[in-house]
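If you want the building blocks of each chain, they are given just below.
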Amino acid sequence: MSRPESLNDLFVQKLKHVYDAEQRLAKTLPKLSKAAAAPQLKQAFETHLKQTEAHVERAEQLFGFFNQKPHADTNDNIKGILSAGDDVIGLKADPPVKDAALIAAAQCAEHYEIAEYGTLRAWARVLGKTEAVRLLDRTLEEEKNADLKLTDCASSLNFQAAAHAH
(Lines give C-alpha, C1' and ligand atoms only; values in the text may rest on other atoms or scores of the structure.)
Protein backbone atom coordinates (compact mmCIF):
# COMPACT_ATOMS: atom_id res chain seq x y z
CA MET A 1 0.00 0.00 0.00
CA SER A 2 1.81 3.08 -1.19
CA ARG A 3 -0.88 5.69 -0.55
CA PRO A 4 -3.22 5.30 2.40
CA GLU A 5 -6.70 6.58 1.65
CA SER A 6 -8.29 6.17 5.08
CA LEU A 7 -7.43 6.01 8.76
CA ASN A 8 -7.90 2.25 8.47
CA ASP A 9 -5.22 2.19 5.73
CA LEU A 10 -2.92 4.36 7.87
CA PHE A 11 -3.36 1.97 10.79
CA VAL A 12 -2.43 -1.05 8.67
CA GLN A 13 0.55 0.77 7.17
CA LYS A 14 1.87 1.75 10.62
CA LEU A 15 1.19 -1.77 11.92
CA LYS A 16 3.35 -3.21 9.12
CA HIS A 17 6.19 -0.94 10.26
CA VAL A 18 5.70 -1.84 13.94
CA TYR A 19 5.61 -5.55 13.03
CA ASP A 20 8.96 -5.14 11.27
CA ALA A 21 10.35 -3.22 14.25
CA GLU A 22 9.32 -5.93 16.73
CA GLN A 23 10.85 -8.68 14.60
CA ARG A 24 14.12 -6.75 14.33
CA LEU A 25 14.14 -6.05 18.08
CA ALA A 26 13.63 -9.75 18.82
CA LYS A 27 16.90 -10.38 16.96
CA THR A 28 18.75 -7.46 18.59
CA LEU A 29 17.83 -7.91 22.26
CA PRO A 30 19.92 -11.10 22.73
CA LYS A 31 22.94 -9.19 21.37
CA LEU A 32 22.29 -6.34 23.82
CA SER A 33 21.99 -8.80 26.70
CA LYS A 34 25.24 -10.51 25.73
CA ALA A 35 27.04 -7.15 25.47
CA ALA A 36 25.81 -5.91 28.87
CA ALA A 37 28.01 -6.39 31.93
CA ALA A 38 25.59 -5.51 34.75
CA PRO A 39 23.37 -8.46 35.76
CA GLN A 40 20.29 -6.24 36.19
CA LEU A 41 20.75 -4.86 32.67
CA LYS A 42 21.18 -8.34 31.19
CA GLN A 43 17.97 -9.33 32.99
CA ALA A 44 16.10 -6.27 31.69
CA PHE A 45 17.05 -7.18 28.11
CA GLU A 46 16.13 -10.85 28.60
CA THR A 47 12.76 -9.96 30.14
CA HIS A 48 11.99 -7.56 27.32
CA LEU A 49 12.93 -10.20 24.74
CA LYS A 50 10.13 -12.43 26.05
CA GLN A 51 7.74 -9.46 25.88
CA THR A 52 8.91 -8.57 22.38
CA GLU A 53 8.16 -12.10 21.20
CA ALA A 54 4.63 -11.64 22.60
CA HIS A 55 4.41 -8.25 20.85
CA VAL A 56 5.11 -9.98 17.53
CA GLU A 57 2.25 -12.38 18.22
CA ARG A 58 -0.08 -9.54 19.25
CA ALA A 59 0.77 -7.63 16.08
CA GLU A 60 -0.20 -10.73 14.11
CA GLN A 61 -3.56 -10.71 15.93
CA LEU A 62 -4.00 -7.02 15.16
CA PHE A 63 -3.70 -7.68 11.44
CA GLY A 64 -6.67 -10.04 11.78
CA PHE A 65 -8.85 -7.28 13.25
CA PHE A 66 -8.28 -5.40 9.98
CA ASN A 67 -8.77 -8.45 7.73
CA GLN A 68 -5.10 -8.47 6.76
CA LYS A 69 -2.47 -11.19 6.74
CA PRO A 70 0.59 -10.35 8.89
CA HIS A 71 3.13 -8.58 6.70
CA ALA A 72 6.15 -6.49 7.64
CA ASP A 73 7.16 -3.43 5.64
CA THR A 74 10.77 -2.37 6.09
CA ASN A 75 10.96 0.17 8.89
CA ASP A 76 13.85 2.51 8.13
CA ASN A 77 13.37 4.35 11.44
CA ILE A 78 14.01 1.27 13.55
CA LYS A 79 16.82 0.18 11.22
CA GLY A 80 18.60 3.46 12.02
CA ILE A 81 17.98 3.14 15.74
CA LEU A 82 19.23 -0.45 15.77
CA SER A 83 22.25 0.44 13.65
CA ALA A 84 23.26 2.92 16.35
CA GLY A 85 22.74 0.12 18.88
CA ASP A 86 25.03 -2.17 16.88
CA ASP A 87 27.74 0.50 17.12
CA VAL A 88 27.35 0.48 20.91
CA ILE A 89 27.51 -3.34 21.06
CA GLY A 90 30.95 -3.12 19.46
CA LEU A 91 32.10 -0.29 21.72
CA LYS A 92 35.44 -0.86 23.43
CA ALA A 93 34.91 0.82 26.79
CA ASP A 94 34.91 0.04 30.49
CA PRO A 95 31.85 -2.10 31.33
CA PRO A 96 29.88 0.62 33.17
CA VAL A 97 30.45 3.07 30.31
CA LYS A 98 29.38 0.49 27.73
CA ASP A 99 26.32 -0.40 29.84
CA ALA A 100 25.33 3.30 29.98
CA ALA A 101 25.60 3.45 26.19
CA LEU A 102 23.57 0.24 25.80
CA ILE A 103 20.81 1.71 27.98
CA ALA A 104 20.74 4.90 25.92
CA ALA A 105 20.50 2.91 22.66
CA ALA A 106 17.76 0.65 24.04
CA GLN A 107 15.75 3.61 25.33
CA CYS A 108 15.79 5.18 21.86
CA ALA A 109 14.08 2.03 20.57
CA GLU A 110 11.64 1.98 23.51
CA HIS A 111 10.66 5.61 23.06
CA TYR A 112 10.09 5.04 19.36
CA GLU A 113 7.87 2.05 20.11
CA ILE A 114 5.93 3.94 22.78
CA ALA A 115 5.19 6.68 20.24
CA GLU A 116 4.12 4.19 17.56
CA TYR A 117 1.93 2.10 19.85
CA GLY A 118 0.34 5.23 21.32
CA THR A 119 -0.64 6.36 17.83
CA LEU A 120 -1.98 2.91 16.90
CA ARG A 121 -4.03 2.78 20.09
CA ALA A 122 -5.52 6.24 19.44
CA TRP A 123 -6.44 5.26 15.87
CA ALA A 124 -7.89 1.90 16.97
CA ARG A 125 -10.09 3.77 19.48
CA VAL A 126 -11.38 6.14 16.82
CA LEU A 127 -11.99 3.22 14.45
CA GLY A 128 -14.03 1.43 17.15
CA LYS A 129 -11.68 -1.58 17.26
CA THR A 130 -12.14 -2.38 20.97
CA GLU A 131 -10.19 -5.65 20.92
CA ALA A 132 -7.31 -3.94 19.12
CA VAL A 133 -7.30 -1.19 21.75
CA ARG A 134 -7.11 -3.83 24.49
CA LEU A 135 -4.08 -5.52 22.87
CA LEU A 136 -2.39 -2.21 22.17
CA ASP A 137 -2.95 -1.07 25.78
CA ARG A 138 -1.18 -4.19 27.01
CA THR A 139 1.76 -3.79 24.63
CA LEU A 140 2.06 -0.07 25.34
CA GLU A 141 2.12 -0.76 29.09
CA GLU A 142 4.90 -3.34 28.63
CA GLU A 143 6.94 -0.93 26.50
CA LYS A 144 6.59 1.78 29.16
CA ASN A 145 7.60 -0.68 31.89
CA ALA A 146 10.64 -1.78 29.89
CA ASP A 147 11.64 1.87 29.58
CA LEU A 148 11.21 2.36 33.35
CA LYS A 149 13.32 -0.72 34.05
CA LEU A 150 16.07 0.70 31.84
CA THR A 151 15.81 4.03 33.69
CA ASP A 152 16.18 2.15 37.00
CA CYS A 153 19.30 0.42 35.68
CA ALA A 154 20.69 3.75 34.49
CA SER A 155 20.17 5.37 37.89
CA SER A 156 23.05 3.32 39.30
CA LEU A 157 25.05 2.44 36.19
CA ASN A 158 25.40 6.05 35.02
CA PHE A 159 27.14 6.92 38.32
CA GLN A 160 29.47 3.96 37.88
CA ALA A 161 30.20 5.11 34.31
CA ALA A 162 30.92 8.66 35.55
CA ALA A 163 33.43 7.23 38.03
CA HIS A 164 35.38 5.86 35.05
CA ALA A 165 36.00 9.34 33.63
CA HIS A 166 39.59 10.06 32.82
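Placed above this text is the structure.
Before going into details, it helps to say that this report is about the structure given with it. (Residues numbered from 1 in each chain as written. Predicted model: local features only at pLDDT ≥ 70, side-chain atom pairs only at ≥ 80, totals over all residues. Heavy atoms only, no water.)

In terms of regular secondary structure, the protein chain is built from 5 helices and 0 strands. Counted from the first residue to the last, the protein chain has its helices and strands arranged as α-α-α-α-α. The C-alpha atoms of the protein chain give a radius of gyration of 17 Å, which matches the 15 Å a tight globule of 166 residues would have. The principal-axis extents of the C-alpha atoms in the protein chain amount to approximately 55 × 25 × 20 Å. A buried classification covers 43% of the 166 residues belonging to the protein chain. Taking the average place of the 21 positive charges on the side chains of the protein chain and the average place of its 24 negative ones, the gap between the two points comes to 3 Å. (Helix = DSSP H or I, 4+ residues; strand = E, 2+ residues; numbered from the N terminus. Rg over C-alpha atoms; globule rule 2.2 N^0.38 Å. Buried < 20%, exposed > 50% of the residue type's maximum accessible area, 1.4 Å probe, protein only. Lys, Arg positive; Asp, Glu negative; His and termini not counted. Charge placed at Lys NZ, Arg CZ, Asp CG, Glu CD.)

Turning our eyes to something else, we now look at the environment of A72. The residue A72 is located in the loop between α2 (39–65) and α3 (76–89) in this model. Spatially, the C-alpha atom of A72 lies 37 Å from that of S156, the residues being 84 residues apart in sequence.

This part takes up the environment of D87. As for its position among the elements, D87 is in helix α3. Along the backbone, D87 and A101 are 14 residues apart, and their C-alpha atoms lie at a distance of 9.8 Å.

According to the stated counting rule, one finds 2 aromatic pairs in the structure shown. Residues F11 and F66 carry aromatic rings whose centres are separated by 4.2 Å and whose planes lie at 15° to one another, so their mutual orientation is stacked. With F11 in helix α1 (residues 7–35) and F66 in the loop between α2 and α3, this residue pair connects regions lying 55 residues apart in the sequence. Here F11 falls in the buried class, since its relative accessible area comes to 0%. Cation over ring: K129 sits above F66, and NZ or CZ is 4.8 Å from the ring centre. (Phe/Tyr/Trp six-rings, centres within 6.5 Å; stacked < 30°, edge-to-face > 60°. Lys NZ or Arg CZ within 6 Å of the ring centre and 35° of its normal.)

Moving on to the pattern of salt bridges. Within the structure shown, the criterion is met by 5 salt bridges. Notably, a salt bridge pairs R24 with D20, separated by 2.7 Å at the nearest N-O pair. Taken together, the residues R24 and D20, both in helix α1 and 4 residues apart, mark about one turn of the helix. R24 gets classed as partly exposed once you look at its relative accessible area, which sits at 26%. (Salt bridge = Lys/Arg side-chain N within 4 Å of Asp/Glu carboxyl O.)

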